[in-house]
Amino acid sequence: MFGGEFFFIIIVAFLLFGSKNLPDLVRGYAKILATLKNATNEIKNEIQKSVDVNEIDTSIKNITGNFTKEVEKVKSTVAASSADFGKNIIEEQQANIAQIAENIEDVTGPIKRQNNA
């Protein structure tokens, strides 16, 4: 079927343009098709590059988003740990101060009694 239609088109082209002009016409048609094919390929390449860039941007946003979440978790953990650590140090120091005050009281108690006597 395709061969018959193609043959009919060639006969019509010979009748319309003649055998002398037909090769130039076919060459021009081939150049137009080549140019159109190149333009189509360039458009496809630009679209593909755009898609690749968008995928990279999305990947970078996901990675940085996850990284930011992890950093925030670490910050909150460190803040909680340092607060507990500072609280423990203060409690230990207060206990030490109380013990020293008690030891001073034990030592100064007999001295005070001797001075009063």
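Everything discussed here concerns the structure shown above.
Attention here is on the structure that accompanies the text. (Residues numbered from 1 in each chain as written. Predicted model: local features only at pLDDT ≥ 70, side-chain atom pairs only at ≥ 80, totals over all residues. Heavy atoms only, no water.)

Some remarks on the overall build of the protein chain
When its secondary structure is counted, the protein chain shows 1 helix and 0 strands. Taking all 117 residues of the protein chain together, the buried fraction comes to 3%. For the protein chain, the exposed area adds up to about 10,500 Å²; of that, 65% sits on carbon and sulfur atoms. (Helix = DSSP H or I, 4+ residues; strand = E, 2+ residues; numbered from the N terminus. Buried < 20%, exposed > 50% of the residue type's maximum accessible area, 1.4 Å probe, protein only. Areas by Shrake-Rupley, 256 points an atom, 1.4 Å probe, with all protein chains shown as cover.)

Digging into the pattern of salt bridges
Applying the stated criterion to the full structure yields 2 salt bridges. Between Arg-27 and Asp-24 there is a salt bridge, and its shortest N-O distance comes to 2.8 Å. One end of the pair, Arg-27, and the other, Asp-24, are both in helix H1 (residues 2–116), 3 residues apart, so they sit about a helical turn from each other. (Salt bridge = Lys/Arg side-chain N within 4 Å of Asp/Glu carboxyl O.)

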